[in-house]
2 protein chains.
Amino acid sequence: MAVSPAVSPVADAATSKYDIGESMCPYRLVLEHVTSRWGVLVLIELLERPYRFSELRRTIGRVSEKMLTQTLQTLERDGLVHRDAKPVIPPRVDYSLTDLGREAAEQVRGLALWTSERMGDVEKAREAYDARKADSRG
Amino acid sequence: MAVSPAVSPVADAATSKYDIGESMCPYRLVLEHVTSRWGVLVLIELLERPYRFSELRRTIGRVSEKMLTQTLQTLERDGLVHRDAKPVIPPRVDYSLTDLGREAAEQVRGLALWTSERMGDVEKAREAYDARKADSRG
DNA sequence: CGGTATCCCTTTTGATACTG
DNA sequence: CAGTATCAAAAGGGATACCG
């Protein structure tokens, strides 16, 4: 790749008509990083303890190498995750939360915890909603 | 549309090779709804007060009608948002949080608040990261 | 092992036009 | 006003191959 993206490690798209990405308030961007599909899970797992790359991959499950790499790099760039690459063979890289990352992860965990606690209520609401819909359609 | 989607108000894609969507644990789904790009913003705004559809649209800014509709319907189905459609002409629809939605919104607001407070630290981390990268590339 | 580079399909999002 | 329908663009995400 010629020019440094410097924005996010998304490698593919070389062309983008307009870069909404960085032009939106930067605060929204961080929020999207920590609430991203894999960001949420990575932060919560790392709250438990440090993890190696493939250990994290196994724990989260069904995440591709590419997405995990991308997620970790984004979080590292935001200063939430610390990457510790040991110069050994075979390579060993440990990921852990920074102090900043721990704060973020705790917020995220709060949300995740609330979700699992209230899951039952949500499912009941969904059933009621679907029943109302089915009813109104005859 | 022939068959009822009943899953999510995503209208377009009639075909999907495999439905990962609903096969993942339902808890993850709720989490994705409340942390979704527009879900976060809708919940936070509604925490302030009830809003009408287009009022919400203007307040959030740069959200398409389609996405706002979709987001609101998803949150309504999950029992987080209450939709009050008055049978008047022109139509008037007010959206507000349910008790469950208020709890969710408070969690989300906590995260958003943290993000805006720590934004400075994140930006410093990014600069440091980019500098390290630029440096290591010569 | 821990990545990076590509290719290509899927899902999401937005613009636009239209309806009750 | 508050949506729905449709289409095209963009982003997300996975499979594979390869490198240090």
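See above for the structure.
Reading the values: rules and limits
- Residues numbered from 1 in each chain as written.
- Chains lettered and ligands numbered in written order.
- Predicted model: local features only at pLDDT ≥ 70, side-chain atom pairs only at ≥ 80, totals over all residues.
- Heavy atoms only, no water.
- Salt bridge = Lys/Arg side-chain N within 4 Å of Asp/Glu carboxyl O.
- Helix = DSSP H or I, 4+ residues; strand = E, 2+ residues; numbered from the N terminus.
- Buried < 20%, exposed > 50% of the residue type's maximum accessible area, 1.4 Å probe, protein only.
- Contact = heavy atoms within 4.5 Å.
- Polar contact = N/O pair within 3.5 Å; in protein donor to acceptor, adjacent residues only side chain to side chain.
- Nonpolar A, V, L, I, M, F, W, Y, C, P; charged D, E, K, R; others polar.
- Lys, Arg positive; Asp, Glu negative; His and termini not counted.
- Axes fitted to C-alpha atoms, helices over the stretch in contact; angles between N-to-C directions.
- Parallel < 35°, antiparallel > 145°, perpendicular 65-115°, else oblique.
- Left-handed = near helix turned anticlockwise from the far one by under 90°.

A. Local environment of the pattern of salt bridges. Under the definition given, this model contains 17 salt bridges over all chains. Among the ionic pairs, Arg77 of chain B bridges to Asp130 of chain A, the shortest N-O distance being 2.8 Å. Of this pair, Arg77 of chain B sits in helix 5 (residues 65–77) while Asp130 of chain A sits in helix 6 (residues 99–136), which puts the two residues in different chains. On the accessibility criterion, Arg77 of chain B (12% relative accessible area) is buried. Residue class for Asp130 of chain A comes out partly exposed when judged on its relative accessible area of 25%.

B. Broad picture of the interface of chain A and chain B. Each partner contributes residues to the interface: chain A has 46 residues there, and chain B has 47 residues. If you look at where chain A meets chain B, you find seven salt bridges. Notably, a salt bridge pairs Glu32 of chain A with Arg37 of chain B, separated by 3.9 Å at the nearest N-O pair. Between chain A and chain B we count 11 residue pairs in polar contact (both at pLDDT 80 or more) in total. For the side of chain A that touches chain B, the element with the highest residue contribution is helix 6 of chain A, accounting for 21 residues. Counted by class, the side of chain A that touches chain B contains 22 nonpolar, nine polar and 15 charged residues.

C. Structural detail: the side chain of Arg28 of chain A. By the element assignment, Arg28 of chain A lies in helix 2 (residues 26–34). Comment: no salt bridge for buried Arg28 of chain A; closest opposite-charge side chain is Glu32 of chain A, at 4.4 Å. With near-sequence residues (within four places) excluded, Arg28 of chain A lies in contact with Arg37, Trp38, Leu41 and Arg62 of chain B.

D. How the structure looks around the packing of helix 4 (residues 53–60) of chain A against helix 5 (residues 65–77) of chain A. Residues and elements named next belong to chain A. Packing of helix 4 against helix 5 leaves a shortest axis separation of 11 Å and a crossing angle of 115°. If you check the angle between helix 4 and helix 5, you find them roughly perpendicular. As for how helix 4 packs across helix 5, the hand of that crossing is right-handed. Where helix 4 abuts helix 5, its residues Phe53, Leu56, Arg57 and Ile60 lie against Glu65, Leu68, Thr69 and Leu72.

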